[in-house]
Structures are given as C-alpha cells and as structure tokens.
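Close look at the chain arrangement
Each chain, written out:
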Amino acid sequence: MPGQPRTVLRIGDIAIGGDEFVVMAGPCAVESERQVIDTAISVARAGARILRGGAYKPRSSPYSFQGLGVEGLKILSKARDYTGLAVVTEVMSETDVDVVAEYADIMQVGARSMENFSLLERLGMCGRPVLLKRGMTATLEDLLRSAQALVASGNPDVILCERGIRTFETATRNTFDVAAVPVLKMVSHLPVIVDPSHAAGVRVLVPILARAAVAVGADGLLVEVHPQPDKAASDGEQSLTLEQFDAMMTDLQPYLRLRGAATGPLKNGAPGERAYAVAGGVN
Ligand code: PEP
Ligand code: MN
C-alpha cells in the first residue's frame, strides 16, 4: 500500500524486499545429490542466495517424473550445509507441510496450487515464509486474495511471484506480465519476484526477461539451472547451464547498479565449497 512500510522478509542474513536483489536458482526437480550440490556450489559462486529445487513435482502427466519426495528434501538440506544457501522448495499437499517445513527455509506454492485454500490455510501456521506463485489463469486480484488467505491464517511472510500467464500467444510457454510487478508493488507491501524460466519456456529468453524484471523493480528472481539441461527430468528446455547462469548474473550487474540494488557477493566462493571438495564430493 502506498505510504505503508514494505515487508522485508529475513531468512538468516538474507533480506527479501529490501535493497538486495535476491536470486533463487537451481534445478526444476531434485534428481540426485551430485546434480543438486554441483548446481548449488556454482550458483552460490555466481551470487545466488537461495537454492531452488522441487522434491514434490506437480506434473501435467501422471507418467512424468513426480519427484524424490523426502529423499529430495534431504539432498537440498545437505546442499544448504555445503554452501550456506537457503532452500526454497514446493509443497503440494497439506499432508506434506510439516515434513517440507522441517527441511525448507521457504515454502513454495506452485501455480497449480495457488487457489488450494486448504493448503494455504495450513501454510498459515507452518512458521516459514511462503513463496506464492501466480496461477496460470489468475488475475492479480486472485493472487492477492490467496496472499490474504495466508496472512489471515497467521502467516504475514509472503513473497509474490510472477511466472507468466496463459494467453493466446504460443511463442513463449507463458506470457510474462511485466506490469504485474509494478502493479503488485503499488497495491501491496509484499516482496515481488519474477520467474523468467516458466514465463519463457526456452533458455535463450531467460536472461532477457531477467533484465526486464530488474528494470521494473522486482525484488529478485527464481531461475531454473541444471548442470546438464539436455538430461533434465523436467523443464530442461528452459533451464540455464551453470555457465549461462553465471553469465546472466554478470550481465545483470550494470542494470542493478542503475537501480542501486546488488546481488549477493560475487565470485567469493561458497562457504562450504572447500569442505565439499575435501570430502571428495558425492556420486
Ligand atoms: C516450478 O517452479 O518448477 C514450477 C512447477 O513452477 P509453476 O508452479 O510456476 O509452474
Ligand atoms: Mn519447472
């Protein structure tokens, strides 16, 4: 609301919604320890602050990979120990809220679950911030109604996420609603981030949409990154390679400087990286 102070969420030393531009990056789905830890080390080095990765996957087909479940959560938690990154991961069902909250720093509500009000109500009491993604056919008012459901259930720590909406345009997977960011920031005090990966659907567009997100005042990004996108179990076409993610972060710096914002420390090496190397990594 204009005049009302903005919500700044704190997770350890990370502040979302303040001056820092917070980048969350990682694979669409957790597939293996090696995949997640290699990705985590690399994205942390490039300036990401939060590791993403789905252990419970909402898939359009029942025959697609559904995620590793609790095993996937444990892998994410191990990657947090190695790198110091916080973890965001999706929760799809009320019955999984407790176990996801045990391992995650931020609970992600996916586009397909945005209007699952019993899940939102349960997340009101989970004690963790919630990253709420806009539904594919949801208006901004619908998105804010779901945010209100979380707040009314007892959880004021909500991050809104624009991830593209379904329109008649088929050249991109979804249509990135650029205006959603300033509109949401005008009518609400909550942090707003952009997911350029699900908006674009193809990796070549991801850094370009990310730049647009910086320009319109987003508080951060949620980006899919995979060490071998061609072998990814899901969303490989829109996943950046480790090198492409690093290049995107470097490319964003002058745009962030213009805004007076900054990402996490660049190229300093992730805190647990050496320990991981000494331990001989994993398979
Ligand atoms: C995801 O983040 O991998 C995901 C499933 O996104 P969405 O809910 O936006 O489709
Ligand atoms: Mn995905």
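Look above for the structure.
Please read all numbers here as calculations on a predicted model, not as lab measurements.

Rules of the game
Residues numbered from 1 in each chain as written. Chains lettered and ligands numbered in written order. Predicted model: local features only at pLDDT ≥ 70, side-chain atom pairs only at ≥ 80, totals over all residues. Heavy atoms only, no water. Donors = N, O, S within 2.8 Å, 3.2 Å for Na, K, Ca; no water. Helix = DSSP H or I, 4+ residues; strand = E, 2+ residues; numbered from the N terminus. Buried < 20%, exposed > 50% of the residue type's maximum accessible area, 1.4 Å probe, protein only. Expected span 1.5 Å × (residues − 1). Contact = heavy atoms within 4.5 Å. Pairing = 2+ DSSP bridges. Right-handed = clockwise from strand over helix to strand, strands pointing away.

A word on the coordination of the manganese ion (ligand 2)
- Coordination sphere of the manganese ion (ligand 2), protein contribution only: Cys 28 (SG), His 198 (NE2), Glu 224 (OE) and Asp 235 (OD), at 2.1 to 2.4 Å.
- Counting the intervening residues between successive donors of the manganese ion (ligand 2) yields the motif C-x169-H-x25-E-x10-D. Of this pair, Cys 28 sits in the loop between strand 3 (22–26) and helix 1 (33–45) while His 198 is found in helix 7 (residues 196–200), placing the two residues 170 residues apart along the sequence. We note that Cys 28, like His 198, is buried.

Looking at helix 5 (residues 140–152)
- Taking 1.5 Å as the rise per residue, helix 5 with 13 residues should run 18 Å; its terminal C-alpha atoms sit 18 Å apart, in good agreement.
- In this fold, the buried residues of helix 5 make contact with helix 4 (117–123), strand 7 (130–133), strand 8 (158–162) and helix 6 (180–187).
- Gly 154, located one to two residues past helix 5, shows a positive phi value of around 115 degrees.

Focus on the pairing of strand 5 (residues 86–90)
- Among the 5 residues in strand 5, 5 count as buried, and that is most of the element.
- Of the two faces of strand 5, the one lined by Ala 86, Val 88 and Glu 90 and the one lined by Val 87 and Thr 89 are each fully buried.
- Here strand 4 (residues 50–52) runs beside strand 5; their pairing, made up of 3 bridges, is parallel. By the bridge assignment, Arg 52 is partnered in strand 5 with Val 88.
- Tracing the backbone out of strand 4, into helix 2 (residues 70–83) and back to the parallel element strand 5 gives a crossover that is right-handed.

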